[in-house]
Amino acid sequence: MFNFWELVRMEYRKLFQRKLVWVTAILLTAMTIFAGLSALLGDVYVNGEKVDTHANMLRTDSGYARRLSGELLDDSLLDKMQEAYGMVPEDAEIYTATREYQQYARPYSEIYNFVLRIAGNRWNTVSAGEMYDLRRAAVEQGWTELLLSEAEKEYLSEKEGQLKLPLTYRYDDGYSNYLSVLYMAALLMMLGVSVCVPQIFSEEYSRKTAPLIASSSFGKKPLYLAKAFTGLTFSLGLALLLAVAAAASVFSVYGTDGFSAALQLDYPMLSWRLTVGEAALLLFGVYLLSSLLFAAVAMVLSLVFRGSAPPMAILLGYLLLTGVFHIPDEYRILSQIWSYLPVNSANLTSALSQRLLQVGGSFFAGWQVICLLYPVTAAILLLAGYRKYRRLPS
């Protein structure tokens, strides 16, 4: 039998002998770390005068938010917030610069922002019961705008009934910011895969070493398996590297407390009974699966074009397209399919979209579809890639 691991070792050695691979990995890691630490940078100016630093503001606001952790978002807490913000002069040009805001209102800014997102200009009079009624009305309006079927609405209504109200406020900035940075990490990971992975298969043709493979006693099959394994594991490794860099930078700034915070504190219009920590783990899994699918696509394209430049151009064009193109929700089927594609799926609102896939009497959320769709698609692509690789002339 051929020595599979020796072939893999040789493929990795060839891959890491390229300076472009090292430069890409280092640059993408640095960009991810910068994204996680960027909230600490810079100063705050009011009327041209420096009044604080972003780092100090973040520490202050985090301290206030942590003091509120564990309190129910009920009438008692809303009354305290409304009373505190009522002390801020209404005619203040910059209300956050007033002494009253800093002394009384700022400690409740997290509660104010949450209520504002649901109740709008009624933030100063709304009761807790009215706020949750407004939220439910907005959720149901969102179902209508997403063109959900009656069966989907009924299913999601059951999920709404499982939510524990009133919500308990918990400081969770670490996880909410990690969800945002992980989306950027997905973009950077796929950029790295686009640059590095196509070279795994294209090299033997660019260096004209393909005839040596055909003359070996084992032929092309063992080398294809080794190359495919290298491409998949390299992509997975790059994804893990960027995810760890994102976690280290974000949690060093915001802390790790808040895993058990209700998802609705950050995404009030979602109906899933999940904590923000569970949502982060879920999205992390989708992110890893997308790295494997993207690697499979990159390798098959490099086989089709027998080079690395065309696959790189196609994949980079796809990343650019997903960043600037959006399919409106009224095109239900196309929009839902678009949300399942890599990059888009790394956005929590896509992975946990209220649009469901119904199979018989069962309903599946976006992340559940992706967990089945990505591995199956990657396996089909790699099988097709082997058939193509076997027929390529030496």
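Structure shown above.
Run through the pairing of strand β1 (residues 43–46), naming residues and quoting values.
Taken together, the 4 bridges between β1 and strand β2 (residues 49–53) define a ladder with antiparallel strand orientation. Its bridge partner lying in β2, aspartate 43 is registered against threonine 53. The turn joining β1 and β2, which pair antiparallel and follow one another in sequence, is formed by 2 residues; a positive phi near 55° is taken by asparagine 47.

Before we move on, can you summarise helix α15 (residues 332–340) with the specific residues and values?
If you check which residues of α15 are buried, you get Arg332, Ser335, Gln336, Trp338, Ser339 and Tyr340. Buried residues in α15 make contact with α8 (150–161), α14 (309–324), α16 (348–351), β3 (357–359) and α17 (366–391).

Account for the side chain of glutamate 100, with residues named and values stated.
Relative to the helices and strands, glutamate 100 resides in helix α5 (residues 99–105). A polar side-chain atom of glutamate 100 sits 3.5 Å from a polar atom in the side chain of arginine 99. Excluding residues within four positions of it along the chain, glutamate 100 makes contact with Met87, Val88, Pro89 and Ala105.

Please give an account of the packing of aromatic side chains that cites residues and values.
Throughout the structure, instances matching the rule amount to 22 aromatic pairs. Considering the side-chain rings of tyrosine 175 and phenylalanine 259, the 5.7 Å spacing of their centres and the 80° angle between planes classify their relative orientation as edge-to-face. Remark: phenylalanine 259 occurs in the loop between α12 (221–254) and α13 (276–305) and tyrosine 175 occurs in helix α9 (residues 173–196); sequence separation between them is 84 residues. The class of phenylalanine 259 is partly exposed, set by a relative accessible area of 35%. Between phenylalanine 294 and tyrosine 318, the aromatic rings sit 6.1 Å apart at their centres with planes inclined by 40°, giving tilted as the arrangement. Taken together, the residues span a long stretch of sequence, with phenylalanine 294 in helix α13 and tyrosine 318 in helix α14 at a distance of 24 residues. Given the relative accessible area of 3%, phenylalanine 294 is considered buried. Ring-pair connections join several aromatic residues into one group, and the members of that group are Tyr85, Tyr95, Tyr101, Tyr112 and Trp123. Just above the ring of phenylalanine 201 sits the side chain of lysine 227; from NZ or CZ to the centre is 5.7 Å.

Lay out the environment of leucine 187 in plain terms, naming residues and giving numbers.
Checked against the element boundaries, leucine 187 lands in helix α9. On the accessibility criterion, leucine 187 (28% relative accessible area) is partly exposed. Beyond its immediate sequence surroundings of up to four residues, leucine 187 is in contact with Leu319 and Val343.

Rules used throughout
Residues numbered from 1 in each chain as written. Predicted model: local features only at pLDDT ≥ 70, side-chain atom pairs only at ≥ 80, totals over all residues. Heavy atoms only, no water. Pairing = 2+ DSSP bridges. Helix = DSSP H or I, 4+ residues; strand = E, 2+ residues; numbered from the N terminus. Buried < 20%, exposed > 50% of the residue type's maximum accessible area, 1.4 Å probe, protein only. Contact = heavy atoms within 4.5 Å. Polar contact = N/O pair within 3.5 Å; in protein donor to acceptor, adjacent residues only side chain to side chain. Phe/Tyr/Trp six-rings, centres within 6.5 Å; stacked < 30°, edge-to-face > 60°. Lys NZ or Arg CZ within 6 Å of the ring centre and 35° of its normal.

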